[in-house]
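Examination of the molecular architecture
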Amino acid sequence: LCKTLTSMVVAIAVTLSLYIMDVHLVFIFGMVTFLCNFIPNIGSFFAILAPAPLVYLTPGKTLKDVVLAVLVPFGIHNTLGCVVEPQLMQAGLDLHPLTTVVALTFWGVVWGVSGMILSVPITCGIKAVLADVDHPHAQRLFHLLDRPLGSRRAAPSRMMPEGRDVTD
């Protein structure tokens with residue numbers, strides 16, 4: 001849901017910017033941006049470059065217009081996609097950013113591209129299961145996923161039965 005909302009915000013911002021620059025087929029490019037935003041890494045690249053050929057071939061448009069039609073969506077994608085989206089995803093998924101990067105790398109090595117796409121849902125599922133298991137090893141793995149750098153915040157529900165934190 002978070003990814004859908006951020007993709008929609010990015011698509012609306014790109015659509016409005018292309019509309020202001022008087023690019024034809026802005027709604028098509030908005031839809032392409034929305035859909036391509038779900039493809040990690042290369043989706044944004046294709047969405048950014050998609051309007052460039054049309055702007056270049058439009059009579060009356062200059063090279064400056066082509067550069068702006070690429071740079072403005074690039075700025076929107078970088079601002080919203082690289083700054084705002086990770087913050088929203090972290091809050092919505094309750095995963096530490098380091099956990100997300102490690103999961104992306106691990107599942108990418110295990111299953112390739114499909115593992116990279118499924119890395120966050122798999123890791124969230126594993127974390128949810130580990131949160132409900134009372135075994136000390138499961139709690140250690142849960143805390144490793146929850147706070148990989150070992151910060152000392154402990155929630156009351158995540159304490160061992162003896163009343164001490166698992167990391168003690």
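Just above, that's the structure.
Residues numbered from 1 in each chain as written. Predicted model: local features only at pLDDT ≥ 70, side-chain atom pairs only at ≥ 80, totals over all residues. Heavy atoms only, no water.

Here we look at the overall build of the chain
Across its full length, the chain holds 7 helices and 0 strands. For the chain, buried positions account for 31% of its 168 residues. Of the contacts formed within the chain by residues at least 6 apart in sequence, a portion of 48% connects residues at least 24 apart. Carbon and sulfur atoms provide 74% of the accessible area of the chain, an area that totals close to 10,500 Å². (Helix = DSSP H or I, 4+ residues; strand = E, 2+ residues; numbered from the N terminus. Buried < 20%, exposed > 50% of the residue type's maximum accessible area, 1.4 Å probe, protein only. Contact = heavy atoms within 4.5 Å. Areas by Shrake-Rupley, 256 points an atom, 1.4 Å probe, with all protein chains shown as cover.)

A short note on the packing of helix H2 (residues 26-36) against helix H3 (residues 42-49)
Running from N to C, H2 and H3 cross one another at 170 degrees; their axes reach a closest spacing of 8 Å. Looking at the two axes, H2 sits roughly antiparallel to H3. In this structure, H2 uses Val32, Thr33 and Cys36 to contact H3, whose residues at the interface are Gly43, Ser44 and Ala47. Considering only residue class, the contact of H2 with H3 consists of 3 nonpolar, 3 polar and no charged. (Axes fitted to C-alpha atoms, helices over the stretch in contact; angles between N-to-C directions. Parallel < 35°, antiparallel > 145°, perpendicular 65-115°, else oblique. Nonpolar A, V, L, I, M, F, W, Y, C, P; charged D, E, K, R; others polar.)

Observations concerning the packing of aromatic side chains
In this structure the tally under the stated criterion is 4 aromatic pairs. With centroids separated by 5.1 Å and ring planes inclined at 35 degrees, the aromatic side chains of tryptophan 107 and tryptophan 111 adopt a geometry described as tilted. Of this pair, tryptophan 107 and tryptophan 111 both sit in helix H6 (residues 97-132), 4 residues apart, which is roughly one turn of the helix. On the basis of relative accessibility, which here comes to 15%, the residue tryptophan 107 falls in the buried class. By relative accessible area, tryptophan 111 is classed as partly exposed at 48%. Of the aromatic side chains, those joined through ring pairs into one cluster are Phe106, Trp107 and Trp111. (Phe/Tyr/Trp six-rings, centres within 6.5 Å; stacked < 30°, edge-to-face > 60°.)

Here's the deal with the pattern of salt bridges
Tallied over the full model, the rule gives 1 salt bridge. Across the pair aspartate 146 and lysine 127 runs a salt bridge, and its minimum N-O distance is 3.3 Å. One end of the pair, aspartate 146, is in helix H7 (residues 136-146); the other, lysine 127, is in helix H6, with 19 residues separating them in the sequence. Among the residues examined, lysine 127 registers a relative accessible area of 6% and is labelled buried. (Salt bridge = Lys/Arg side-chain N within 4 Å of Asp/Glu carboxyl O.)

Comments concerning the nonpolar core
Ranked by internal contacts, the top residues of the largest apolar core, which has 14 residues, are Val14, Leu18, Val23 and Val55. Those elements giving two or more residues to this core turn out to be helix H1 (2-20), H2, helix H4 (51-57) and helix H5 (63-93). Residue contributions to this core peak at 4 residues, all from H5. Every residue in contact with valine 55, bar those within four places of it in the chain, is listed here: Val23, Lys61, Asp65, Val66 and Ala69. (Core = buried A, V, L, I, M, F, W, Y, C linked by side-chain atoms within 4.5 Å.)

Quick look at the side chain of histidine 77
Mapped onto the secondary structure, histidine 77 falls in helix H5. The exposure class of histidine 77 is buried, given its relative accessible area of 5%. Of the polar contacts made by the side chain of histidine 77, one reaches the side chain of serine 44; its length is 3.5 Å. In contact with histidine 77, not counting residues within four places along its chain, are Val10, Val14, Thr33, Asn37, Ser44, Ala47, Ile48 and Cys82. (Polar contact = N/O pair within 3.5 Å; in protein donor to acceptor, adjacent residues only side chain to side chain.)

Overview of unusual backbone geometry
For aspartate 22, which is not a glycine, the phi torsion comes out positive at approximately 60 degrees. Positive phi, close to 60 degrees, is recorded for leucine 25, a residue that is not glycine. Here leucine 25 lies in the loop between H1 and H2. Judged by its relative accessible area of 52%, leucine 25 falls in the exposed class.

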